[in-house]
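In case you want the letters, here they are:
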Amino acid sequence: MNHLSALAYVSSATNLLSESELEALLVSARTANHQHGVTGVLLYDNGSFFQYLEGAPSAVAIVYERIKASRQHHGIIELDYGLADARHFGSWHMGFSVSPRSIMLSLSQSAWTRAAATATEASSSSAGVALLLDFWMNGSRDA
Ligand SMILES: Cc1cc2nc3c(=O)[nH]c(=O)nc-3n(C[C@H](O)[C@H](O)[C@H](O)COP(=O)(O)O)c2cc1C
């Protein structure tokens, strides 16, 4: 019944992106993500990216290939890639926020491995997802 994958990674922009370059990237990403039913968020701070994606495993794999093929960034470090228990950003085909360095650092240092569900606690979301959701719901956002 669990047919969802989630991917979280950080990377470095090849060149500092202008606002219009970021916009073009987002249009391209959102179009493809919509097509594949992939949702998530992209955070950017001064040349650093953090991205979280979720969707059907085959869809996430296709989108990840596009992401890895992009020359607009390099040095992808996977924080998490595996089965997910639930979709957390269902209405965002790619939410975007210019984000403070502190949150980028916290996200990259967070634990992304999902805690095993216990008899008393059904939740199996990782600390990383919890931090990201808290930032997304309560932190400031641009778009
Ligand atoms: C940080 C970053 C995030 C991206 N996110 C997505 C995405 O969510 N979905 C997608 O289909 N492509 C994504 N892409 C790929 C872009 O939409 C686009 O295909 C790519 O940047 C074009 O790069 P190129 O000119 O080097 O081919 C992403 C690329 C970068 C650099």
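Rules behind the numbers
- Residues numbered from 1 in each chain as written.
- Predicted model: local features only at pLDDT ≥ 70, side-chain atom pairs only at ≥ 80, totals over all residues.
- Near = placed C-beta within 6 Å.
- Helix = DSSP H or I, 4+ residues; strand = E, 2+ residues; numbered from the N terminus.
- Nonpolar A, V, L, I, M, F, W, Y, C, P; charged D, E, K, R; others polar.
- Expected span 1.5 Å × (residues − 1).
- Buried ≥ 20, exposed ≤ 12 C-beta atoms within 10 Å, placed from the backbone.
- Arc of directions from axis to C-beta.
- Contact = placed C-beta atoms within 7 Å.
- Pairing = 2+ DSSP bridges.
- Axes fitted to C-alpha atoms, helices over the stretch in contact; angles between N-to-C directions.

So, on to the site of the ligand. The environment of the ligand is formed by 18 residues, the closest being Ser28, Ala29, Ala32, Ser70 and Arg71. Among the secondary structure elements, those contributing two or more residues to the shell around the ligand are helix 1 (19-36), strand 3 (48-55) and helix 2 (57-69). Of the residues belonging to the shell around the ligand, the class tally is 9 nonpolar, 7 polar and 2 charged.

When the terminal C-alpha atoms of helix 4 (residues 127-138) are compared, their 16 Å separation across 12 residues agrees well with the 16 Å that a helix rising 1.5 Å per residue should span. When we look at burial in helix 4, the residues that qualify are Gly128, Val129, Leu132 and Phe135. Within helix 4, the buried residues cover an arc of 130° as seen down the axis, which keeps them to one side. For helix 4, the exposed residues lying more than 90 degrees away from the buried face are Asp134, Met137 and Asn138. Looking at the buried positions of helix 4, the neighbouring elements they touch are strand 1 (5-13), strand 3, strand 4 (73-83) and helix 3 (101-109).

Moving on: the sheet that holds strand 2 (residues 39-45). The 5 strands lie next to each other as 4-1-3-2-5, forming an open sheet whose pairing is mixed. At either margin of the open sheet sits one strand with a lone partner, and together these are strand 4 and strand 5 (95-98). Neighbour-to-neighbour, the strand axes of this sheet turn through a mean angle of 10°, independent of strand direction. Across 8 bridges, strand 1 lies against strand 4 in antiparallel orientation. Its bridge partner lying in strand 4, Val10 is registered against Ile77. Each of strand 1, strand 2, strand 3 and strand 4 is contacted by helix 3, which is oriented at about 55° to strand 3, the strand it contacts most.

Worth remembering: the numbers are spatial, not functional.
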